[in-house]
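# Remarks on the overall topology
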Amino acid sequence: MGKILVTGGAGYIGSHCVIALINSGYDVVMFDSLEIGHIETVKTLQSIQAKGSVVDFIQGNLQNLSEISDVFKRHNIDSVVHFAAYSQVAESVKEPQKYYYNNVYGTLNLLNAMLENNVKNIVFSSTAATYGNPVYAPIDEKHPQIPVNPYGKTKLMIENIMDDYDKAYGLKSVRLRYFNVAGADYQARVGEWHNPETHLIPNILKSTFSDGKTFTLFGDDYDTKDGTCIRDYINVEDLANAHVLAIKYLNNGGETNFFNLGTTEGNSVKEVFKTCEDVVGKSVPIEIHPRRAGDPALLIAANNKAKSVMGWSPEKTLRDSITSAYNWEKILQERIQKKEMAEI
Ligand code: UFG
């Protein structure tokens, strides 16, 4: 089994992918600046002993070419899974410079370091945001890619760069276009841990912890069944497994390719909210606010390409994702409280 470099391995999706890789017997080198990722996550991942895999950690920033080049010199890397990026849509509109520099320039450094060291396989964390406003649903991989915010544009630029690097240098990539990622490790070892948190499920769950804290629902006047936005919530462990399959696909000589990762099922914000209340066993105070800028009414994936080419199928339900997210949120709240107590 080869050694896999995981950039952004201390982040939300990256950490679940590290677990999936070590469960499949790969050695892993995590490269993370810890600007968004957490040292606690690194320690947890390094404490997981599965099938004798080694998990190394290097703190570094992709914006610094020598830091990422050194990783390839010190480790015999076989393939790369690339998560490290900024990923907040609203922030990307306010601070595009930060996004283009970190996401695009950072990836160029990574690709250049790969080429220098003759590493030719990369799995890239792309997004449904590269499609922009849906022209039809469900969205398949042939849907036009016209991103409507700088975040989605950076991810599309990187996809295009990877195509050109394949033609010119033989660099093979699999780009995985995620829909709405949800849930946490089933043993609650890692999970979603953003500051600030903008995503729906953790925000609803956070509201169940502090009495009186209201959950804000953005827009109930969309042209959907109950007036709230519909999304395709894909479980993070199912998603992580797709990365392992993508590595195997490339290592078996697969050509550059791209796949949607979603369930093909849509759930409205109100449905997600009700399922959260049900899982937690508590009613959550809710306030309806105007629409959030840039939210399309409906985003649902077609996923048959990932099924037919990589043999990937999601297994977990929305309820599974909410249950695991809740179990993780309990641990997170304890950690936050302990930290706050220590600071007092
Ligand atoms: N929502 C609320 N209240 C909240 C948070 C979200 O009502 O506190 C609503 C949003 O308005 C939206 C839905 O819940 O209708 C889902 O919102 P999320 O922020 O959880 O997810 P998005 O669909 O906006 O974003 C996700 C990814 C992005 C990606 C985007 C498009 O997080 O990285 O899908 O693919 F760019």
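Residues numbered from 1 in each chain as written. Predicted model: local features only at pLDDT ≥ 70, side-chain atom pairs only at ≥ 80, totals over all residues. Heavy atoms only, no water.

The next subject is helix α3 (residues 65-74). The periodicity of an α-helix, 3.6 residues per turn, causes residues three or four places apart in sequence to face the same way. Residues of α3 that are buried: I68, S69, V71 and F72. End-on, the buried residues of α3 take up no more than an arc of 150°, which puts them together on one face. Among the exposed residues of α3, those pointing more than 90 degrees away from its buried face are K73 and R74. On the buried face of α3, the contacting elements are β1 (3-7), β2 (27-32), β3 (55-59), β4 (77-82) and α5 (96-116). (Buried < 20%, exposed > 50% of the residue type's maximum accessible area, 1.4 Å probe, protein only. Helix = DSSP H or I, 4+ residues; strand = E, 2+ residues; numbered from the N terminus. Arc of directions from axis to C-beta. Contact = heavy atoms within 4.5 Å.)

We now examine the environment of P296. Assignment of secondary structure puts P296 in the loop between β13 (286-289) and α10 (304-310). Using a relative accessible area of 15% as the deciding quantity, one classes P296 as buried. Between the C-alpha atom of P296 and that of K270, which follows or precedes it by 26 residues, the distance is 16 Å. With residues near it in sequence (within four places) discarded, P296 still touches N133, P134, C229 and R231.

Turning next to unusual backbone geometry. A cis amide bond links A137 with the next residue in sequence, P138, at an omega value of -5°. Looking at where P138 falls in the secondary structure, it is placed in the loop between β5 (121-127) and α6 (150-169). The backbone of L34 sits at a positive phi, close to 65°, despite the residue not being glycine. In this structure, A188 takes a positive phi of about 55° despite not being glycine. Tracing the sequence through the fold places A188 in the loop between β7 (180-182) and α7 (200-207).

What follows covers the sheet that holds strand β6 (residues 172-178). The seven strands lie next to each other as β3-β2-β1-β4-β5-β6-β11, forming an open sheet whose pairing is parallel. In this open sheet, the two edge strands, each paired with only one partner strand, are β3 and β11 (257-261). Within this sheet the neighbouring strands show an average axis-to-axis angle of 20°, counted without direction. Of the pairings in the sheet, the one linking β4 to β5 comprises three bridges and is parallel in character. The residue bridging V81 from the neighbouring strand is V123, located in β5. Packing against the sheet, α6 makes contact with β5 and β6, and its axis sits at approximately 155° to β5. (Pairing = 2+ DSSP bridges. Axes fitted to C-alpha atoms, helices over the stretch in contact; angles between N-to-C directions.)

What follows covers the site of the ligand. Near the ligand you find 21 residues, and of these H199, T216, R231, R292 and D295 are the closest. A distance of 2.9 Å separates an oxygen atom of the ligand from a polar side-chain atom of N180. The contact in question runs from an oxygen atom of the ligand to an N or O atom on the side chain of H199, over 2.7 Å. Burial of the ligand by the surrounding chains reaches 90%, relative to a free accessible area of 690 Å². (Near = heavy atom within 4 Å. Polar contact = N/O pair within 3.5 Å; in protein donor to acceptor, adjacent residues only side chain to side chain. Areas by Shrake-Rupley, 256 points an atom, 1.4 Å probe, with all protein chains shown as cover.)

A regular strand places its side chains on the two faces of the sheet in alternate fashion. β4 sits mainly inside the fold: five of its six residues count as buried. Here β1 runs beside β4; their pairing, made up of five bridges, is parallel. Note that in β4 the partner of V6 across the bridge is V81.

All right, on to the packing of aromatic side chains then. Scanning the model with the defined rule gives seven aromatic pairs in all. The interplanar angle of 90° and the centroid separation of 5.0 Å between the aromatic rings of Y165 and Y169 together place this pair among those described as edge-to-face. Residue Y165 and its partner Y169 are both found in helix α6; the two are separated by four residues, about one turn of the helix. According to the relative accessible area criterion, Y165 is buried, its value standing at 14%. Between F209 and Y326 the ring centres are 5.9 Å apart and the planes differ by 45°, which places this aromatic pair in the tilted class. Placement of the pair is F209 in the loop between α7 and β8 (215-218) and Y326 in helix α11 (residues 318-343), with a sequence separation of 117 residues. Across the ring face of F258, the terminal group of K305 is positioned such that the distance to the ring centre comes to 3.9 Å. Its guanidinium or amino end placed over the ring of F259, K305 lies 5.1 Å from that ring's centre, counting from NZ or CZ. (Phe/Tyr/Trp six-rings, centres within 6.5 Å; stacked < 30°, edge-to-face > 60°. Lys NZ or Arg CZ within 6 Å of the ring centre and 35° of its normal.)

What follows concerns helix α1 (residues 12-23). With twelve residues, α1 should reach 16 Å at 1.5 Å per residue; the first-to-last C-alpha distance of 17 Å fits that figure. Backbone geometry just after α1 places G25 at a positive phi near 90°. (Expected span 1.5 Å × (residues − 1).)

This part is about the domain arrangement of the protein chain. Here the protein chain is partitioned into domain 1 (3-183 + 233-261) and domain 2 (200-231 + 265-343). Computed from C-alpha atoms alone, the centre-to-centre distance between domain 1 and domain 2 is 23 Å. Counting the surface lost from both domain 1 and domain 2, the interface buries some 2400 Å², and carbon and sulfur atoms represent 65% of this. A per-residue breakdown of the area domain 1 buries against domain 2 is headed by Y233, D238 and F259, which together make up 28% of the total. Run the count over domain 1 and domain 2 and you get one salt bridge. Residue E237 is joined to K316 by a salt bridge in which the shortest nitrogen-to-oxygen separation is 3.3 Å. If you list the elements that add at least two residues to the side of domain 1 that touches domain 2, you get α2 (39-47), β7, β10 (233-235), α8 (236-251) and β11. In terms of residue count, α8 provides more of the side of domain 1 that touches domain 2 than any other element does, seven residues in total. The residue inventory of the side of domain 1 that touches domain 2, partitioned by class, reads 16 nonpolar, eight polar and five charged. (Domains from an automatic or database assignment. Buried area = accessible area lost by both parts, 1.4 Å probe. Salt bridge = Lys/Arg side-chain N within 4 Å of Asp/Glu carboxyl O. Nonpolar A, V, L, I, M, F, W, Y, C, P; charged D, E, K, R; others polar.)

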